[in-house]
Structures are given as structure tokens and as C-alpha cells.
Amino acid sequence: MSAVHAPTTAMPPAHSARTLRLLQDPVLPMLLRMAWPNILIMLAQSATGLIETWWISRLGTDALAGMALVFPPVMLMQMISAGAMGGGISSAVARALGAGRRIEADAVVLHAILINLALGLFFSVVMLAFGRPIYQALGGTGGELEAALAYSDVVFAGTALLWIMNGLASIIRGTGNMLVPALVICVGVALLVPLSPLLIFGYGPVPALGIAGGGAALVLFYLGGALVLGWYILSGRNVVRFAWIRLRWAIFADILRIGAVGSITSLFTNVTIALSTAMVAAHAGVDAVAGFGTGARLEYLLIPLVFGLGAPLVALVGTNIGADQPGRAMRVAMIGGGIAFAMTEAIGLAAALWPAAWLGLFTTAPGAIETGSQYLRYVGPTYGFFGLGLALYFASQGAGRLLWPVTAGFVRFAIALGGGWLVLRLSGSLQALFAALGLALVVYGMMLLAAVRSGAWFRKPG
């Protein structure tokens, strides 16, 4: 039995009008109202990778395969900085505001910036120092390896800017404001559309940088977004403000407790794709890697799409948990999970029925089209369960309870890689590997649904 209480009706005077709406307004219309700008921002941010992939595919198969090798670690940075650590930041802000602790909410800003800056610099050093052996371990050789390094070195040299941009956006989202980050990043993507081909192919006095030019355009996008979002918070327009305060370990711990555990889930997802790519590379050639990487990129596109819904779930669930309204928090999670399932399942079924419509945007190589089509036909119909699980993961971030999301992520990891390796070894068929990847997504979604519905958030540890 879950310890779900009756909603609290008395609101502390410290609540802002925006916070009161999160605690009182009807759930479905409010969730949709909050989600649409955030879905827009996430689709726009995902479009940055798609824009670059489309242009870089014009450089040849080696460049496209090189992008497939780099994409998992780049997406890992996106997922940890925006989804995992970003969720920890938004959750800390939302729960503090829900409980009426405005000073604590303001204190989160400085702590969040310092955490993200340190992590961004750490990952930059790691990838610049060990990029070559990492991509070799993922199956990269020859021209595709050199292309991967040319792109990766530029992107990871500026990855701290991505962390700062996503940290600032998470602070704003934690207040329930999804529109401002959406506008900033959408404008940035609009500027990236001409900037990326300009730096890749050159024009006039601008030299052609090749695949490295795509990375340079992405770093400039991160820089612009960080500057504008930082200005918005410093100007005092945001509900929570920046303040120079004495640093407190309790606030660092509150953010890291959720963010670090959430990072494990992000790591499972990216390592699953990365090692699956390595298995495909060991079993087949460069065309198969390019096809699988392009097909799997659609799965990666689902992550920011669900994050568009997930960020409001973090704010809504966190605010209601902070205000001691667990019944409303649970209702928010179930409605959000249903919406996520419907969106991602529709995309997955469309991809399974018409795989060439997606793959043909990036390659015409017959081997790549064949492998990518097999992947989408097997895994696409299970995308709805992936979306359901991701939505409930974000809701669990808001609740501050991540045991079951991590457990479900580990089970998915074990089925996809352990089961996938076994069936590939026994059958020698990539289709058997793809079937294992699809089964892993179904188990992931259903495990999280069962856990949240059973009241796992409200049980005391032990």
C-alpha cells in the first residue's frame, strides 16, 4: 500500500503565483501547456545533431561512420547535463519552492553552476586525452576513426559551455518556466542552420574546416545559449535569483544525490548504444555501422522529445512533493507517462513501417539502408515503452526517488547487451541482436510503470 495522503489545501505565503499554479491547476491542461515549449526546445536541440549529420554525410561514408562513433559520448553529455544533473537541479529548485523555502531555492543557482562547470571541464579533459582509444574500442578504424577524432576534439574542447547552458536552463525550468529556455535554444538552432555548412564547407574568406567545422558551429551554439540564459537569471527576471553566498555541502549533496544517480541511467542508455555499435562493427562492415548508427539516432531523438515532457514532470512532481501533495504528484506522473507512450510509439511504428524515409535522409549506401531498416523494424515498435520509462524516470527525479529507474536501466542494459551478445554469437544474425534490444526496452518501461504505480516513491527505505 502506498502512503498517499490527501492534498494539502493551505499554502504558505512564500509561494509565488507560478508555484501556486503548479500546486492547484488541473493537471492535464497545465502539463500540456508547460510541455509544448519544452518539447519544441528539445526537438530544436536535437535538430542541431541532425543538421550536422545531414551536412557531414555529404563528406562521405567515413565521415558519417565517424559521426556514429562520436554520437554516443556527445549524447551522453547532453543527457547527463540536461536530463540527469539538470533534473537534479530542477528538482532541488522545485522542491524548495514547493516548501516555501525561497532563500534555499536562490542558493541552488550558484551551487548548480559550480557543479556543471566542474563536470564539463572533467569530461573535456577525459575525451581530449583518451578519445582515440575510446573510439578504437567502439570499433573505429582508418578514415572513420580520424573523422571521429577531428569532430570529437573540437566538440569536447567546448563541452563545458554545454554543461553551463543546460545548468542555467535547468534552474529556470525548476521554477515551472519552460518558455524562456525554449526561445533561447530555438533561436540558437535557427542561427546554427546556416553556420554549420558555412564552417564545414567554407565560403569566401571563411575556410572549409570539414567535419571539424560542424563541431565548431555546435560550440558556438553552446556559448550563445549560455550567455543569454545567464543574462536572464542575473537580470532578476527569473523566480529564483543568483546570489553570492557561503557554499553549503547540503545543497551540493541534494543536487548530486539525484543528478549522480540519474547519470547512471543515462550511462546505461549510451553504453548500450555504444557497445551495440561495437558489436555491429565487429560483425559487419562500415556500411552496417553507418546504417545502425543512423537508425539508432532516431532512438536518441526520442530522448529529448520525452525530456520536453520530462522537465515539466520534474517541476510539477517536485513542487507537489515539496508541498506534501503526493496524490497529485502520482497523478501527474501517470498522465505524463501516458502522453510519452503515445508520442514515442507513434514515431516507432512509423519508423518500422517506412524505415527508408528516415535512413534516406542521411545515406544512400545499400548496406547502410538494409541494416538500418532491420534495426527500425525490430526496435521501432517498442519505442513507446522506452518513452513511458523515460517519462517515469523524470517524474522520479522530481520525487527524489531513483532506485527503481536505476534498477530498470540496469535490467535493460543486461538484456540488450548480455542477451544481444548471446543471440548474435549463437545465430550470427544482426536481426537477433535487434530483437534483444527491443525486448530490453519493453522490460524497461513495464518495470518502471509497475514500481511507480505500486507507490515505490512513498515507501520508507528499508
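Parameters and conventions
Residues numbered from 1 in each chain as written. Predicted model: local features only at pLDDT ≥ 70, side-chain atom pairs only at ≥ 80, totals over all residues. Heavy atoms only, no water. Helix = DSSP H or I, 4+ residues; strand = E, 2+ residues; numbered from the N terminus. Rg over C-alpha atoms; globule rule 2.2 N^0.38 Å. Buried < 20%, exposed > 50% of the residue type's maximum accessible area, 1.4 Å probe, protein only. Contact = heavy atoms within 4.5 Å. Areas by Shrake-Rupley, 256 points an atom, 1.4 Å probe, with all protein chains shown as cover. Lys, Arg positive; Asp, Glu negative; His and termini not counted. Charge placed at Lys NZ, Arg CZ, Asp CG, Glu CD. Bend = angle between axes of the 7 residues up to and from the residue. Phe/Tyr/Trp six-rings, centres within 6.5 Å; stacked < 30°, edge-to-face > 60°. Core = buried A, V, L, I, M, F, W, Y, C linked by side-chain atoms within 4.5 Å.

(A) How the structure looks around the overall build of the protein chain. Along the backbone of the protein chain there are 16 helices and zero strands. For 462 residues, the compact-globule estimate of 2.2 N^0.38 gives 23 Å, and the C-alpha radius of gyration of the protein chain, at 21 Å, lies within 12% of that figure. Once the C-alpha set of the protein chain is aligned to its principal axes, its extents read approximately 65 × 55 × 35 Å. A buried classification covers 59% of the 462 residues belonging to the protein chain. Considering only intrachain contacts with a sequence separation of at least 6, the fraction spanning at least 24 residues in the protein chain is 85%. By element, 71% of the accessible surface of the protein chain is carried by carbon and sulfur atoms, the whole surface being about 16900 Å². Put simply, the protein chain has 24 plus and 14 minus side-chain charges, and the middle of one group is 15 Å from the middle of the other.

(B) Up close: helix 4 (residues 102-137). Approximately 70 degrees is the largest bend angle found in helix 4, and it occurs at F130, with the proline P133 only one to four residues beyond. Immediately beyond the C-terminal end of helix 4, within one or two residues, lies G139, with a positive phi of roughly 105 degrees.

(C) Structural detail: the packing of aromatic side chains. Applying the stated criterion across every chain yields a total of 14 aromatic pairs. On the basis of an interplanar angle of 70 degrees and a centroid distance of 5.3 Å, the ring pair of F122 and F123 is categorised as edge-to-face. For F122, a relative accessible area of 48% corresponds to the partly exposed category.

(D) Summary view of the nonpolar core. Core analysis: the biggest nonpolar cluster contains 138 residues, and Y135, I255, Y375 and F434 have the highest contact counts within it. Broken down by element, this core gets its largest block of residues, 19 residues, from helix 3 (residues 61-98). When near neighbours in sequence (up to four residues on either side) are disregarded, Y375 contacts F292, G295, A296, E299, G380, Y383, F434 and L437.

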